[in-house]
Amino acid sequence: MKNIVKLSVLCAATLSACWSLSHAQEVHKTGEVKVTAGRVEQQLLDIPMSVSVLTAEEIRDSSARNIGELLADVPGVEVGGDGSQGLKRIKIRGENEYRSLILIDGQKVSEHKSMSGPALLIDPSSVERIEVIKGPASVLYGSDAIGGVINIITKKGSKKPFEAEASVGWNGAGHGWSESVSLGGSAKGFKYQLDAGYQSHGNIKTPKGYQKNTEFRQKNLGAFLSYDLTDNFTVGMHADIFDSKINSSSWTYENDPDSDFFVKIPKWRRDKISLFAEVKDINEYLTRLRVDGYWQKNHKMMQNYVSQSEKSPKSSMSVTTDSHADNRIKTLGSSLQADWQLGDNNFLITGYEFSQDRLTANTEADFAMSMKMTGMPRPMLAYVTDRYVKGKETTNAIFAAMETTLPHDFSLNYGVRYTWVSSELSKATSFRNGYKTTPAGTTVFNNTAVNDSGTPGSENNSRPVFNLGVIWKGLDNTSLRAQWAQGFRVPNLQEKFLINSMGGGTVYGNPNLKPEKSNNFEIGARYSTDLMDIDAALFYNLSDDYISTEIVGDADSGISRYVNADKAKTFGSELSLNLRATGNLNPYFSLSWIKRKTEWADGTSTYASGTPEFTARYGLRTIYPLFNGKWTTDTYLRSSTAKKSYSLSTKETTRIAGYTTLNFATAYHFGPKQAFSANFEVLNITNQLYGYETSIYEPGRRFNLKLTARY
């Protein structure tokens, strides 16, 4: 299998190098795509960073059930699932989920009590487009943007008085249905949007069979309204709800008759209300002033169950842990941005941002252990621990970013952000009820206070970050870029103060943690004509003070704590090519190459850092007129080499095999203005057994169908 994967990637590499902007049937020229990655709308050719865009057409034609599935083929992006098909998290350029910033309409989705980083809590049917910034973007977007940024931009009406869209889909991965509807338009200065959706999917079907306890459901509801008070002054609001029920499990436990494991999330809900006001063309210098404010609540209820037993003729032992968590994060945020035109050659963006996350969390942990040996008493443990924590993190930041036009078709981009972060855990209590029996006697716990939830305290961090980039556009349809950018991430409340026993073992917080930081160097090129799009980037990233865990006491104790112990060096390239050689045939190819070296404080280093060295997608799209409609096809392969992960605590390296899958998608657009479409996919045609992680395999051969109507 290893040789097949390498051969597939090498064969693809001989075709050409680079990434096509999308993986849907519609082909978009790079020069036509506009993005807001630089906090103002620009042509993609003018952006000094590596940016990938998923457009509204690509999202509409996709059968993806969540944002993670939409992003799976973006170069430099790696998708993980935590043992679930309904819960996806993102890594960018090898950086873990906590180092990849998730934004919805430019506003952060926070996480302070999870081992796996923030989740993508929004349905694809609510989304207008997605912008993926690869590499540090902390000057423009703040903490956590070390690996990059996922900015999910929601639907906000249209230029027509009324538009409507409805879709229904069947997805064979979990034999599930999805439905969505949206209404939008604009009239007499008003712009409005309403959207709603629902999905229900059963257990995932893999080449090994159905994996139990992997079903999920999700629903969403959104509303947007804005009003133009004048031609240059707009106010508006947006409200949305995303509610999900997600289950996950692991093949490792499923195949072991003496153990059991599952995670049930009966509720993971995000509620958000945001307001904005924007004024344009105030005077010859101040071209735009925008104020935003939002309230967001992230509420997760979770059960984590683990049971293991061992039996022999002379002894037996069983251990069961059943934890129930109820975590709530309420966020208040605001921002002020001013755009300035300073003469003919200087464009300046200045701004201030404020956010405050308030965490309250309750955990009820049931623990039971029994042991029996011939001729010896039977020690037993059976108790319940109730934990409660309360804390907050407050962030203030100011930033400035300048673009200066220079002679000879050069432009210079440079900026700075200064951030102040105050972290506080104001309350942490734990009380235990139950008993513990040993040969020495029985101990009874009766609302007994124990220290296993965290240590109250506070900590302040502040740090400036800088970036400097240059673009040259001396050739038609071409832009060359080079950039240096810094990134940083402030430790969250869990890493600083809390004690976490979810998922096996116990990890203690460390109030003395320093912010993680990085320096990224990148060169790239974009070329876009009627015949082809090319995008290429080479990058090198140096990271320091990475937060990791170290064993406390005996290696078998299962107790560790967070420390600033790791360093990382990451280098690689993202290359792509999208050809439009004829009006009907569009071959394309994308390739990511990443090498990542992790170093620990004890001198240990490894390239087995959990990131595949090569990932690729390559195929052929066709488009033909048919019966006054449009028929498209996309035949493609997806490839990844194996990924290896070294554990400092166990001194072992685990390996997840590489893969190559064959896929086919076709769509027919018909009716007035091609307002109706039928999309059909056959994915993983060869029924390849593969996975992104050890706990769950990806779906086997499956058929997807989606019907869409627009008015």
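Residues numbered from 1 in each chain as written. Predicted model: local features only at pLDDT ≥ 70, side-chain atom pairs only at ≥ 80, totals over all residues. Heavy atoms only, no water.

A. Focus on the overall build of the chain. Looking only at helices and strands, the chain has six helices and 39 strands in total. For the chain, whose C-alpha radius of gyration is 26 Å, the value lies close to the compact-globule estimate of 27 Å for 711 residues. A buried classification covers 52% of the 711 residues belonging to the chain. Excluding contacts between residues fewer than 6 apart, the proportion of contacts in the chain whose partners are at least 24 apart in sequence is 66%. As displayed, the chain has an accessible area near 30500 Å², and 57% of this comes from carbon and sulfur atoms. (Helix = DSSP H or I, 4+ residues; strand = E, 2+ residues; numbered from the N terminus. Rg over C-alpha atoms; globule rule 2.2 N^0.38 Å. Buried < 20%, exposed > 50% of the residue type's maximum accessible area, 1.4 Å probe, protein only. Contact = heavy atoms within 4.5 Å. Areas by Shrake-Rupley, 256 points an atom, 1.4 Å probe, with all protein chains shown as cover.)

B. Just the nonpolar core, in detail. Ranked by internal contacts, the top residues of the largest apolar core, which has 21 residues, are Ile-67, Leu-71, Ile-130, Ile-150 and Ile-152. Take this core: its biggest share by element is three residues, from strand S8 (residues 127-134). Not counting chain neighbours up to four residues away, the residues in contact with Ile-130 comprise Ser-52, Val-53, Leu-54, Ile-59, Ile-67, Leu-70, Leu-71, Ile-150, Asn-151 and Ile-152. Judged by nonpolar contacts, the second largest core, of 14 residues, contains Leu-44, Ile-47, Met-49 and Tyr-141. (Core = buried A, V, L, I, M, F, W, Y, C linked by side-chain atoms within 4.5 Å.)

C. Spotlight on empty space enclosed by the protein. According to the stated counting rule, one finds 12 cavities of 30 Å³ or more in the structure shown. Here the largest cavity defines a volume of roughly 550 Å³. If you list the elements that add at least two residues to the lining of the largest cavity, you get helix H2 (56-61), helix H3 (67-70), strand S34 (629-640), strand S37 (659-670), strand S38 (676-683) and strand S39 (702-710). Of the residues assigned to the lining of the largest cavity, the class counts are 14 nonpolar, 12 polar and 12 charged. Volume-wise, the second largest cavity comes out at about 390 Å³. Every residue lining the second largest cavity is counted, 34 residues in all, and those nearest its centre are Val-77, Pro-612, Thr-615, Ser-640 and Tyr-659. (1 Å grid on protein atoms, 1.4 Å probe; cavity = no way out; pocket = protein on both sides within 12 Å on 5 of 7 lines; lining within 4 Å. Points joined across faces, edges and corners; volume = space filled by probe spheres on them. Nonpolar A, V, L, I, M, F, W, Y, C, P; charged D, E, K, R; others polar.)

D. Seen up close, the side chain of Asn-171. Relative to the elements of secondary structure, Asn-171 occurs in strand S10 (residues 163-171). Residue Asn-171 is classed as buried on the basis of its relative accessible area of 5%. Ignoring any residue separated from it by four or fewer positions in sequence, one finds Asn-171 in contact with Ser-63, Arg-65, Gly-176, His-201, Phe-703 and Asn-704.

E. Spatial organisation of the sheet that holds strand S7 (residues 107-108). Ordered by their spatial adjacency, five strands build an open sheet running S3-S8-S9-S6-S7, and the pairing between neighbours is mixed. The strands lining the two open edges of the sheet, one partner per strand, are strand S3 (50-54) and S7. Bridge count for strand S6 (residues 100-104) against strand S9 (residues 148-154) is five bridges, and the pairing is parallel. Note that in S9 the partner of Ile-102 across the bridge is Ile-150. (Pairing = 2+ DSSP bridges.)

F. Geometry of unusual backbone geometry. In this structure, His-175 takes a positive phi of about 50° despite not being glycine. For His-175, the position within the fold is in the loop between S10 and strand S11 (176-187). In this structure, Gln-674 is a non-glycine residue whose phi angle is positive, near 50°. Positionally, Gln-674 belongs in the loop between S37 and S38. Judged by relative accessible area, which is 26%, Gln-674 ranks as partly exposed.

G. Structural context of the pattern of salt bridges. Inspection of the entire model under this criterion finds 39 salt bridges. A salt bridge links Arg-99 to Glu-95, with the shortest nitrogen-to-oxygen separation between them at 3.9 Å. In this structure, Arg-489 engages Glu-516 in a salt bridge whose closest nitrogen and oxygen atoms are separated by 2.8 Å. Of this pair, Arg-489 sits in strand S25 (residues 478-489) while Glu-516 sits in strand S28 (residues 516-528); the two residues are 27 residues apart in sequence, bridging distant segments of the chain. Across this residue pair, the class does not change: Arg-489 and Glu-516 are buried. If you follow the salt bridges from partner to partner, you end up with Arg-93, Lys-134, Arg-481, Glu-522, Arg-526, Asp-535 and Glu-574 in one network. (Salt bridge = Lys/Arg side-chain N within 4 Å of Asp/Glu carboxyl O.)

H. The arrangement of the pairing of strand S29 (residues 532-551) in detail. Where S28 meets S29, 12 bridges bridge the pair, whose relative direction is antiparallel. Paired with Asn-520 across the two strands is Asn-541, which belongs to S29. In this antiparallel pair of consecutive strands, S28 and S29, the connection spans three residues. The pairing of S29 with strand S30 (residues 559-579) spans 18 bridges and is antiparallel. Paired with Ser-548 across the strands is Val-563, a residue of S30.

I. The arrangement of a nonpolar patch on the surface in detail. The grouping of Val-168, Trp-177, Phe-680, Phe-703, Leu-705 and Leu-707 at the surface amounts to a nonpolar patch, some 530 Å² of accessible area in total. For the nonpolar patch, the element with the most residues is S39, which contributes three residues. Here Phe-703 is to be found in strand S39. (Patch = residues over 30% accessible without salt bridge, like charges linked within 9 Å, V, L, I, M, F, W, Y side chains within 5 Å.)

J. Focus on the packing of aromatic side chains. All chains considered together, the criterion is met by 21 aromatic pairs. Between Trp-251 and Tyr-697, the aromatic rings sit 6.1 Å apart at their centres with planes inclined by 55°, giving tilted as the arrangement. Here Trp-251 is found in helix H5 (residues 251-254), whereas its partner Tyr-697 is found in the loop between S38 and S39, with 446 residues between them in sequence. Between Tyr-668 and Phe-670, the ring centres sit 5.4 Å apart and the planes meet at 15°, which makes this aromatic pair stacked. Taking relative accessible area as the criterion, Tyr-668 reaches 21% and is therefore assigned partly exposed. Of the residues examined, Phe-670 reaches a relative accessible area of 32% and is grouped as partly exposed. (Phe/Tyr/Trp six-rings, centres within 6.5 Å; stacked < 30°, edge-to-face > 60°.)

K. Layout of the environment of Ser-63. Within the secondary structure, Ser-63 is located in the loop between H2 and H3. In sequence terms Ser-63 and Tyr-697 are 634 residues apart; their C-alpha atoms lie 19 Å from each other. Beyond its immediate sequence surroundings of up to four residues, Ser-63 is in contact with Asn-171, Glu-681 and Asn-704. Here Glu-681 takes part through its side chain, which lies 2.4 Å from a polar atom of the side chain of Ser-63. (Polar contact = N/O pair within 3.5 Å; in protein donor to acceptor, adjacent residues only side chain to side chain.)

L. View of the side chain of Gln-211. Structurally, Gln-211 can be placed in strand S14 (residues 209-211). Under the relative-accessibility criterion, Gln-211 is labelled buried at 0%. Only 3.1 Å separates the side chain of Gln-211 from the side chain of Ser-249, close enough to count as a polar contact. Setting aside residues up to four positions removed in sequence, Gln-211 forms contacts with Asn-203, Ile-204, Ser-249, Ser-250, Trp-251, Glu-254, Ser-695, Ile-696 and Tyr-697.

M. Fine view of the pairing of S34. Most of S34 sits out of view: nine of its 12 residues are buried. Across 12 bridges, strand S33 (residues 614-626) lies against S34 in antiparallel orientation. Bridging from a neighbouring strand, Tyr-618 pairs with Leu-637 of S34. Counting the residues in the hairpin turn of S33 and S34 gives two residues, including Phe-627, whose phi is positive at 50°.

N. Spatial organisation of the confidence of the model for the chain. Residues with a pLDDT of 70 or more make up 92% of the chain, whose mean pLDDT is 88. Within the model, pLDDT remains below 50 along residues 1-31, and this stretch shows 106 contacts once partners closer than five positions in the same chain are excluded. (pLDDT = per-residue confidence, 0-100.)

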